[in-house]
Amino acid sequence: MEEWKIPTHIAIIMDGNGRWAKKRKMPRSFGHQQGAKRLEELCRTAAEIGVKYLTVYAFSTENWTRSEDEITTLMKILRNYLADSIKKAKENNMRIRVLGDITRLDLDIQESIQRLEKVSAPNTGLNFQIALNYGSRNEMIRAVQQVVKDCQEGKIAVEELDETVFSSYLDTKGIPDPDLLIRTSGEQRLSNYLLWQCAYSEFYFPEVLWPDFDKNALKEAVRQYTARDRRFGGVYES
Ligand code: IPE
Ligand code: IPE
Ligand code: MG
């Protein structure tokens, strides 16, 4: 692995649970359950290869348009995941944070999230972010509302607002921008995910459906990233 260039931050759009289940003539909920089971191995592998930040898209602001049944299933899976996570975060020395507007989630879920964030905050291993009721546009609007408020209250001057200050108003405050964005299932769009933060990320779109995304798939993504020449508006070195 030494010759590999390890991304500091990998962001993932976990897509394809429904199609994975359909291929097996199973309900979509089965696909979501199997998909959720991927997370622990994914976190362990990411930490093992030296990734410092991993951010996954679990539920978008647009996902509320799905059927009530499917939303209930997703929330049930989330509840179970959160209940398990305090122990898992400790075992794996992981700090867990949630991105998104959690005020629209049920109260017990909001409380679990707050507890998990607090308890896992001192952990020094992988930083694991879960985007829940997350949408980039919503995040940016909430940020702008807070900036305006702080300006009105004299906490910051309009002229002070620059890219660094604005970033500190986003849910990803203190988290470096993703180096690599992976979306599974062959779809090639951002679906309102980390629009500001992915300004210079490398994109990778494997065909594999999310419940099949195993540790080798993650390693393959990093291998492909290694082969890329990243540029920030400059020119190739060689
Ligand atoms: C991703 O899988 C999981 C969530 C969006 C919660 P999908 O449910 O979008 O699966 P497909 O895209 O229908 O296959
Ligand atoms: C994006 O996937 C959201 C998550 C993976 C949580 P979707 O499957 O909901 O996105 P669209 O609707 O196909 O763009
Ligand atoms: Mg999808």
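Note that the coordinates shown come from a computational prediction; the quantities given were computed from them, not determined experimentally.

Caption draft 1: Main features of the pairing of strand E1 (residues 9–13). Summarising burial for E1: five of the five residues are buried, a large majority. Side chains His-9, Ala-11 and Ile-13 of E1 all project onto a buried face; the interleaved residues Ile-10 and Ile-12 project onto the opposite face, where all are buried too. Bridging between E1 and strand E2 (residues 53–60) involves five bridges; their strand directions are parallel. Each residue of the ladder has a partner; that of His-9, found in E2, is Tyr-53. Pairing of E1 with strand E5 (residues 180–183), which is carried by four bridges, proceeds in the parallel orientation. Looking at E5, one finds that Ala-11 is bridged to Leu-181.

Caption draft 2: The layout of surface pockets, seen in detail. Within this model, the largest pocket holds a volume of roughly 690 Å³. As for the largest pocket, its lining consists of 31 residues, and the residues nearest its centre are Met-14, Tyr-57, Ala-58, Phe-59 and Asn-63. For the lining of the largest pocket, the secondary structure elements donating two or more residues are helix H1 (17–23), helix H2 (28–49), E2, helix H3 (68–91) and strand E4 (127–134). Class assignment of the residues belonging to the lining of the largest pocket gives a composition of 16 nonpolar, nine polar and six charged. Around the second largest pocket sit 17 residues that line it, and Ala-36, Lys-37, Asn-80, Tyr-81 and Asp-84 are the ones nearest its centre. Elements with a minimum of two residues in the lining of the second largest pocket: H2 and H3. Along the lines of polarity and charge, the residues of the lining of the second largest pocket split into seven nonpolar, five polar and five charged.

Calculation criteria
Residues numbered from 1 in each chain as written. Chains lettered and ligands numbered in written order. Predicted model: local features only at pLDDT ≥ 70, side-chain atom pairs only at ≥ 80, totals over all residues. Heavy atoms only, no water. Buried < 20%, exposed > 50% of the residue type's maximum accessible area, 1.4 Å probe, protein only. Helix = DSSP H or I, 4+ residues; strand = E, 2+ residues; numbered from the N terminus. Pairing = 2+ DSSP bridges. 1 Å grid on protein atoms, 1.4 Å probe; cavity = no way out; pocket = protein on both sides within 12 Å on 5 of 7 lines; lining within 4 Å. Points joined across faces, edges and corners; volume = space filled by probe spheres on them. Nonpolar A, V, L, I, M, F, W, Y, C, P; charged D, E, K, R; others polar.

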